Amino acid sequence: MDDTIVAISTSLGVGAISIVRVSGTDAIEIVNSIFKGKDLTKVKSHTINYGHIIYKGEVIDEVLVSVMRAPKTYTKEDIVEINCHGGISTTNKVLEALIESGARQAEPGEFTKRAFLNGRIDLTESEAVMDLIESKSDIERRLALQNESGALKEMITKYRDKLKDLISHIEVNIDYPEYYDIEVVDDKKINDSLDYLIKELKHLIKESEGKKIIKTGIKTVIVGRPNVGKSSILNKLLNYNKAIVTDIEGTTRDIVEGDIYIDGIHLNMIDTAGIRKTDNKIEKIGVEKSLSLIDDADLVLVVLDESKLLTKEDKEILDKTKNKTSIVVLNKSDLTKKINENDLKGRNVVETNTVDEKGLESLKNEIRTLFNLDKIEVLDYTYLSSARSLALARKALSSLESAKESAITNSPIDLLEIDIKDAFDDLGEITGETASDEIIDNLFKNFCVGK
Ligand code: GDP
């Protein structure tokens, strides 16, 4: 962490402004060496300074430079941010000049990693930063913001403090067994604390699992024979013509995707190749892909043409999806109905037609019901947003349940202590206090460059 890092923090493309960020001991000196304007080494902290970036005698850009001195910065190091004109060429040239003047290109997430290693934020807050950047809906943003402000860290720290307290009580007992009666094996204290923590963790895990779809969305796959109206339904849901719609069978050979939102929950919709028996090589690959997508989906929309009797292929698709969370969409309800609904017993059925857009709202309502979307409460709630933290919380819970079992069966106190220490460490890994360097490195690798 001795070196000074640099990265383009805005997304690289055409835009009014781009920000190039520099962090480290030499940040101010390095920028100053290519800056014409005030002497940046002498300006006050948290000031914005007008000037030019000059490199090898050439004016690269007219810029505004923010100088922020440690420790009140994102990384707790000196940070300089150069607001230059947007555009790939100018921004890259500024980056290049900084690298040639002594800064090192930052790795993905390295600024946030420094904020973590310098003790400004913990891992839950770091993950929340990433969630915030990636949030696509208002609910996602609100949840991420809550964790970013340290709500989850506080909660986990409170649990760990309780466990620490228990561990020291148990250790007094192990070290000074003569105090057995007075101090420690106050079974009630151990039992009460374990009961409380088990209850709290169970609640946190349950709520977090319920909220998982806020972040991951609902992976929705649209399947059906060719020409039943899959692409038309996707287009209507997306409100624009992204999928190719034609009446030539087998047109949607590849996969077409789009995102829709229902009550702020994001549905990643995948329109698949029509499923039918085919000798066409390319179409065959598409059909196989569609079938494998069904296995992966959270929700399958099985589209049928209700103006026709069920075909053998329809029946196969229905059979393949019978154990999945699915909705059977009877499309083309504007035409004379021929399908026999008795063949669809036990399935969730919605009728639609894309010609005068009937039934699309009912389809959305069915999705709402299936995933309890209207019951997702996000007010003032802290949750475990990453698969990593959820897995660790489950591990900690299982250790605490095992400790409780030991307490009930009066097992040796050291056994109880091992489980409590395991839970203490697992919870510590959520915040990063007990996480290994490897885990930390891996976590930040998933961040974007410049953050
Ligand atoms: P896909 O192959 O399943 O994706 O089907 P498309 O969306 O490409 O639609 C196939 C044909 O059916 C096109 O000519 C559409 O205009 C037509 N179609 C789609 N939905 C409806 C509907 O609700 N009613 C009627 N009458 N025709 C529809």
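Parameters at a glance
- Residues numbered from 1 in each chain as written.
- Predicted model: local features only at pLDDT ≥ 70, side-chain atom pairs only at ≥ 80, totals over all residues.
- Heavy atoms only, no water.
- Near = heavy atom within 4 Å.
- Polar contact = N/O pair within 3.5 Å; in protein donor to acceptor, adjacent residues only side chain to side chain.
- Areas by Shrake-Rupley, 256 points an atom, 1.4 Å probe, with all protein chains shown as cover.
- Core = buried A, V, L, I, M, F, W, Y, C linked by side-chain atoms within 4.5 Å.
- Buried < 20%, exposed > 50% of the residue type's maximum accessible area, 1.4 Å probe, protein only.
- Helix = DSSP H or I, 4+ residues; strand = E, 2+ residues; numbered from the N terminus.
- Contact = heavy atoms within 4.5 Å.
- Pairing = 2+ DSSP bridges.
- Axes fitted to C-alpha atoms, helices over the stretch in contact; angles between N-to-C directions.

Participant: Tell me what's going on with the site of the ligand, and back it up with residues and numbers.
Facilitator: For the ligand, the set of nearby residues contains 18 residues, the closest of which are N227, K230, S231, S232 and T354. Take N331: an N or O atom from its side chain is 3.2 Å from a nitrogen atom of the ligand. T354 places a side-chain nitrogen or oxygen 2.6 Å from a nitrogen atom of the ligand. For the ligand, the protein covers 82% of the area, taking 580 Å² as the surface of the free molecule.

Participant: Talk me through the nonpolar core; I want residue IDs and the actual numbers.
Facilitator: Within the largest apolar cluster, 30 residues are counted, with the highest numbers of intra-cluster contacts made by L201 and I420. Within the residue set of this core, elements represented by two or more residues are α6 (151-175), α8 (187-216), α13 (387-408) and α14 (413-431). With eight residues, the single largest contributor to this core is α13. Once residues lying within four places of it in the same chain are set aside, the contact partners of L201 are Y159, A393, A396, L397, L400 and L427. In terms of nonpolar packing, the next biggest core, distinct from the first, is built from 29 residues, I222, I262, V303 and F371 among them.

Participant: Please provide a residue-by-residue account of the sheet that holds strand β11 (residues 299-305), values included.
Facilitator: With mixed pairing, the six strands of this open sheet are ordered in space as β9-β10-β8-β11-β12-β13. Looking at which strands have only one partner, the edges of the open sheet turn out to be β9 (256-262) and β13 (349-351). Across the sheet, the mean angle from the axis of one strand to that of its neighbour is 25 degrees, orientation sign disregarded. Against the sheet, helix α12 (residues 360-370) makes contact with β9, β10 (265-271), β11, β12 (326-331) and β13, and its axis sits at roughly 170 degrees relative to β12, the strand it touches most.

Participant: Just give me the short version of the pairing of β12, but keep the residues and values in it.
Facilitator: Among the six residues in β12, six count as buried, and that is most of the element. Of the two faces of β12, both are covered, the one formed by S326, V328 and L330 as well as the one formed by I327, V329 and N331. Relative to β12, β11 is paired through six bridges, and the arrangement is parallel. The partner of L304 across the bridge, within β12, is L330.

Participant: Outline the side chain of R160, listing residues and values.
Facilitator: In this structure, R160 sits in helix α6. The class for R160 is buried, based on a relative accessible area of 7%. Among all residues touching R160, those that are not within four sequence positions of it are F424, L427, G428, E433 and T434.

Participant: So, the pairing of strand β6 (residues 79-85): which residues are in play, and what are the values?
Facilitator: Within β6, five of the seven residues are buried, which leaves the element mostly enclosed by the surrounding structure. In this structure, strand β2 (residues 17-23) lies alongside β6, joined through seven bridges in antiparallel fashion. Within the sheet, the bridge partner assigned to S18 lies in β6 and is C84.

Participant: Give a detailed account of the sheet that holds strand β7 (residues 104-105), specifying residues and quantitative values.
Facilitator: Read from one edge to the other, the open sheet built from seven strands follows the order β3-β4-β5-β6-β2-β1-β7, with strand pairing classed as mixed. Edge positions in the open sheet fall to β3 (35-37) and β7, since each of these has one partner strand only. Where β3 lies against strand β4 (residues 47-55), three bridges are found, and the strand directions are antiparallel. Residue pairing in the sheet places F35 in a bridge with I53 of β4. Its contacts with the sheet put helix α3 (residues 110-117) on β1 (5-8), β2 and β7, and the angle it makes with β1 is roughly 135 degrees.

Participant: Any details on the side chain of E417? Residues and values, ideally.
Facilitator: Looking at where E417 falls in the secondary structure, it is placed in helix α14. With relative accessibility at 8%, the residue E417 sits in the buried group. Not counting chain neighbours up to four residues away, the residues in contact with E417 comprise I167, I170, E171 and I174.

Participant: Let's hear about unusual backbone geometry: which residues, and what values?
Facilitator: Backbone phi values are negative for most residues with the exception of glycine, while trans is the configuration of most peptide bonds. P71 follows A70 through a cis peptide bond whose omega is 5 degrees. Looking at the secondary structure, you find P71 in the loop between β5 (58-68) and β6. One non-glycine residue with positive phi stands out, namely E357, at about 55 degrees. Among the residues examined, E357 registers a relative accessible area of 47% and is labelled partly exposed. Unlike most non-glycine residues, N372 shows phi in positive territory, near 50 degrees. Examined against the element boundaries, N372 turns out to sit in the loop between α12 and α13. We classify N372 as partly exposed; its relative accessible area is 39%.

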